[in-house]
Amino acid sequence: MKKIIPIGCDHAGYSLKIAIIDHLKKAGYEIKDFGTDSEESIDYPDYGHPVAEMVEKDEDLIGIVICGSGNGINMTVNKHAGIRSALCWTVEIAELARQHNNANIIALPARFISVEDGIAMVDAFLNTEFEGGRHAKRVAKIPC
């Protein structure tokens, strides 16, 4: 069975999203693309909320969201209970978000990273496990 990756972006993240989808499909992943489907200006919450909802329903899923700075769509998905989205701009931060924070969505700033760096961060995020231990206690304190 293929692992499903939900992904969503705004207009600024469209090109990066297409590159990431192509890369992940070649790696054998199944993609649930929530859009957007062009570089025409849209509102990022319309594409972030469906990703968060899908990840909320299945704790084994890891999602990807992308917008210009990464901030808006990251804030959007973090409004959902059970979502721990991390805005990442380096591979090391992507790895630490999984290892220490058990992040389940990666948010990428399309206007500030290269396609190659975005793909490398996604790969690191998908292939890094949560360490648990002392970090589990901290993650358990996140919900209000």
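Described below are features of the structure shown in this document. (Residues numbered from 1 in each chain as written. Predicted model: local features only at pLDDT ≥ 70, side-chain atom pairs only at ≥ 80, totals over all residues. Heavy atoms only, no water.)

**Digging into the overall build of the protein chain**
What counts, and what does not: The helix count covers DSSP runs of H or I at least four residues long, the strand count covers runs of E at least two residues long, and both are numbered beginning at the N terminus. Radius of gyration means the value over C-alpha atoms here, while the globule rule gives 2.2 Å times the residue count to the 0.38 power. Pairs of residues are marked as contacts when any of their non-hydrogen atoms sit within 4.5 Å. To measure how exposed things are, a 1.4 Å probe is used in the Shrake-Rupley method; for residues, cover is taken only from the protein chains shown.
From N to C terminus, the protein chain includes six helices and five strands. In the protein chain, the order of α-helices and β-strands from amino to carboxyl end is β-α-β-α-β-α-β-α-β-α-α. For the protein chain, whose C-alpha radius of gyration is 14 Å, the value lies close to the compact-globule estimate of 15 Å for 144 residues. On the principal axes, the C-alpha backbone points of the protein chain span a range of 45 × 30 × 30 Å. Within the protein chain, contacts between residues at least 6 apart in sequence are counted, and of these 67% link residues at least 24 apart. Total accessible area on the protein chain stands at roughly 7600 Å², and carbon and sulfur atoms take up 49% of it.

**As for a positive patch on the surface**
Operational definition: A patch consists of residues exposed above 30% relative accessible area that lack any salt bridge, with like charges linked at up to 9 Å and nonpolar side chains (Val, Leu, Ile, Met, Phe, Trp, Tyr) linked at up to 5 Å. Salt bridge, as applied in this entry: a Lys or Arg side-chain nitrogen positioned within 4 Å of an Asp or Glu carboxyl oxygen. Within this scheme the basic residues Lys and Arg register as positive and the acidic residues Asp and Glu register as negative, but His and the chain ends are omitted. To locate a charge, the coordinates of NZ of Lys, CZ of Arg, CG of Asp or CD of Glu are taken.
The grouping of R134, K137, R138 and K141 at the surface amounts to a positive patch. Among the structural elements, K137 can be located in helix α6 (residues 134-140).

**Regarding the pairing of strand β2 (residues 30-33)**
Counted only if it meets this: One requirement defines pairing of two strands: DSSP has to find at least two bridges between them. Call a crossover right-handed when, viewed with both strands pointing away from you, the route from the first strand across the helix to the second goes clockwise.
In this structure, strand β1 (residues 4-9) lies alongside β2, joined through four bridges in parallel fashion. Among the inter-strand pairings, I5 is bridged to a residue of β2, identified as I31. Running through helix α1 (residues 14-26), the crossover from β1 to the neighbouring parallel element β2 is right-handed.

**Details of the packing of α1 against helix α5 (residues 115-126)**
Just so we agree on the cut-off: Here, axes are lines fitted to C-alpha atoms. For helices the fit covers the stretch in contact, and angles between N-to-C directions go from 0 to 180 degrees. Here roughly perpendicular refers to angles of 65 to 115 degrees, roughly parallel to angles under 35, roughly antiparallel to angles over 145, and oblique to all remaining angles. Crossing handedness: left-handed means the near helix sits turned counterclockwise from the far one by under a right angle, and right-handed means the same turn made clockwise. Note that Gly is not counted as nonpolar here; it falls among the polar residues with everything else outside the nonpolar set of Ala, Val, Leu, Ile, Met, Phe, Trp, Tyr, Cys and Pro and the charged set of Asp, Glu, Lys and Arg.
One way to put it is that α1 packs onto α5 with a least axis distance of 10 Å and a crossing angle of 50°. Taken together, the axes of α1 and α5 are oblique relative to one another. Where α1 crosses over α5, the two elements pack in a sense that is right-handed. Facing α1, whose interface residues are L16, A19, I20, H23 and L24, α5 presents V115, G118, I119, V122, D123 and L126. Looking at side-chain class alone, the contact of α1 with α5 contains eight nonpolar, two polar and one charged residues.

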